[in-house]
Amino acid sequence: MKQLDYIVVGLGIAGISFCEQLQKNDKRFIVIDSGEDGSTAKSGGVFNPTVLKRFTAAWNAAAFFPVAKKFYGTISENLESHILQETPVLRIFKCVEEQNNWSVATDKRELQNFLSSEFLKNSNSAIEAPFGFGEVLGTGQIKTKKLLSGYREFLNAQDVLLSETFQYELLQQKESKVFYKDFSASKIIFAEGAKVVENPFFPKHAIVGNKGEYVIIKAPDLNLEALLKGPVYVIPMGNDIYKVGATYSRDDYSLNPTESAKDEILSKLKTCINYSFEVVGQTAGVRPTTRDHRPLLGAWEEHSNLVFFNGLGSRGFLMAPLLAVILYKHLEDDVPLLKEMNIKRARTWKKI
Ligand SMILES: Cc1cc2nc3c(=O)[nH]c(=O)nc-3n(C[C@H](O)[C@H](O)[C@H](O)COP(=O)(O)OP(=O)(O)OC[C@H]3O[C@@H](n4cnc5c(N)ncnc54)[C@H](O)[C@@H]3O)c2cc1C
């Protein structure tokens, strides 16, 4: 039996962020991941501390942002791969009123570092933006493929990654330890994203999930390097390929792309792009969202060593690095979790 400090189940951005804490603190651990694409793989990878519908800061952005920025810098160095591509987001203004609202927002302390007070004029004839753009600074795109494949390689080189589906029925708990196959550990961290609903130890009503779809287009005349935010995001993927979306749906949690999502995305895209493009693909994923749009950290049962790191919703790349630090300190140094991120708050939620 191999003795470990931690077993981590799931290697999306939550699992990776927690592994970084374990590496930093010289903990003995293994990771079990099925290798199936989760939400991290299906996402657009937008790293953005602002909410561009209402021109506000994202929840706790001031705390999450600097930790995440440093995290992606360090991980890029360790993996010798450029994981965060710093790129501004250009928010298309719909009208003069939006320009005015933007100007008001730039004066707010929490947004000063992120929203540029200068408006940009549109000089790209492929884009429909007569009122110009507001520029969001400090943002970028997480290169999710590089991150996921690079981190798998990094763990494989240390021989700590088991590429398999975790079998919940094989997990045993004895004398404040967990046992799984040939391993024993002090704690197990479940970071399975939206698939956590298949975990029999997880309170299923705590996650509601939210399906998101992207249409992939090829648009040789678009010549766009920044992230464009209109009624949909247009995300440059290189070689004239762009991810466009995403949708939000609570009606269907399958991973099947749908015609209705494609129609919705393309009709929105056509309001801001006026050159021709070709649809070359479509993808779907499920966001691990909660009822109150806050993360789920910690153990569900009192004094349990089955611990969850979930509920990252639609802002996983911003939140996960700091949440991993918070969870680690909670487990190792008994630092209490804030109620708003503690999974136990879901005990008061009605089961649906
Ligand atoms: C369409 C879409 C667009 C998005 N765009 C953005 C964006 O632009 N910016 C942003 O910040 N966030 C975005 N998100 C949200 C973001 O993807 C999530 O917040 C985040 O990736 C969740 O990470 P996670 O590690 O919790 O879960 P996941 O990324 O789903 O990782 C879970 C991992 O666990 C594995 N797993 C699950 N069950 C088992 C098991 N039993 N055994 C072994 N392995 C298992 C899965 O295979 C997977 O690898 C988007 C999400 C979607 C769906």
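Check the entry above for the structure.
Here's a quick rundown of the structure. (Residues numbered from 1 in each chain as written. Predicted model: local features only at pLDDT ≥ 70, side-chain atom pairs only at ≥ 80, totals over all residues. Heavy atoms only, no water.)

### Quick notes on the nonpolar core
Residues Phe 18, Phe 47, Tyr 72, Ile 75 and Phe 309 are the most contacted members of the largest nonpolar core, which totals 65 residues. Looking at this core, you find at least three residues from each of domain 1 (2–43 + 145–207 + 291–348) and domain 2 (86–141 + 208–289). In terms of nonpolar packing, the next biggest core, distinct from the first, is built from 26 residues, Leu 4, Ile 7, Leu 171 and Val 196 among them. (Core = buried A, V, L, I, M, F, W, Y, C linked by side-chain atoms within 4.5 Å. Buried < 20%, exposed > 50% of the residue type's maximum accessible area, 1.4 Å probe, protein only. Domains from an automatic or database assignment.)

### Let's talk about the packing of helix H1 (residues 13–24) against helix H7 (residues 316–333)
Where H1 contacts H7, the axes come no closer than 8 Å and their chain directions differ by 45°. With respect to each other, H1 and H7 are oriented oblique. Where H1 crosses over H7, the two elements pack in a sense that is right-handed. Across from Ile 13, Ala 14, Ser 17, Phe 18, Gln 21 and Leu 22 in H1, the residues of H7 making contact are Gly 316, Phe 317, Ala 320, Pro 321, Ala 324, Val 325, Leu 327, Tyr 328 and Leu 331. (Axes fitted to C-alpha atoms, helices over the stretch in contact; angles between N-to-C directions. Helix = DSSP H or I, 4+ residues; strand = E, 2+ residues; numbered from the N terminus. Parallel < 35°, antiparallel > 145°, perpendicular 65-115°, else oblique. Left-handed = near helix turned anticlockwise from the far one by under 90°. Contact = heavy atoms within 4.5 Å.)

### Focus on the layout of surface pockets
By volume, the second largest pocket amounts to about 320 Å³. What lines the second largest pocket is a set of 13 residues, among which Glu 20, Gln 21, Lys 24, Phe 71 and Thr 74 lie closest to the centre. Of the residues belonging to the lining of the second largest pocket, the class tally is five nonpolar, five polar and three charged. (1 Å grid on protein atoms, 1.4 Å probe; cavity = no way out; pocket = protein on both sides within 12 Å on 5 of 7 lines; lining within 4 Å. Points joined across faces, edges and corners; volume = space filled by probe spheres on them. Nonpolar A, V, L, I, M, F, W, Y, C, P; charged D, E, K, R; others polar.)

### Some words on the pattern of salt bridges
Counted under the stated rule, the structure contains 14 salt bridges. Here Lys 27 ties to Glu 332 by a salt bridge, and the two come within 3.2 Å at their closest N and O atoms. Here the residue Lys 27 occupies a position in the loop between H1 and strand S2 (29–33), and Glu 332 occupies one in helix H7, the gap between them amounting to 305 residues. By relative accessible area, which is 24% here, Lys 27 ends up partly exposed. A salt bridge links Lys 195 to Glu 198; the shortest N-O distance between them is 3.9 Å. Residue classification places Lys 195 among the partly exposed positions, given a relative accessible area of 42%. Several salt bridges converge on common partners, so that one network encompasses Glu 36, Lys 195 and Glu 198. (Salt bridge = Lys/Arg side-chain N within 4 Å of Asp/Glu carboxyl O.)

### So, the site of the ligand
The environment of the ligand is made up of 37 residues, and the closest members are Asp 33, Thr 40, Val 46, Phe 166 and Gly 313. Side-chain polar atom of Ser 34 to an oxygen atom of the ligand: 3.0 Å apart, as the coordinates give it. Contact between the ligand and Gly 313: an oxygen atom at 2.7 Å from a main-chain N or O atom of the residue. Counting only elements with at least two residues in the shell around the ligand, the list comes to H1, S2, helix H2 (39–42), strand S15 (210–218), strand S19 (278–287) and H7. (Near = heavy atom within 4 Å. Polar contact = N/O pair within 3.5 Å; in protein donor to acceptor, adjacent residues only side chain to side chain.)

### Let's talk about the pairing of strand S20 (residues 296–299)
Pairing of S20 with strand S21 (residues 306–310) involves four bridges; the strand directions are antiparallel. Residue pairing across strands places Leu 297 opposite Phe 309, the latter belonging to S21. As consecutive antiparallel partners, S20 and S21 are separated by six residues, and within that stretch His 303 has a phi angle of approximately 50°, a positive value. (Pairing = 2+ DSSP bridges.)

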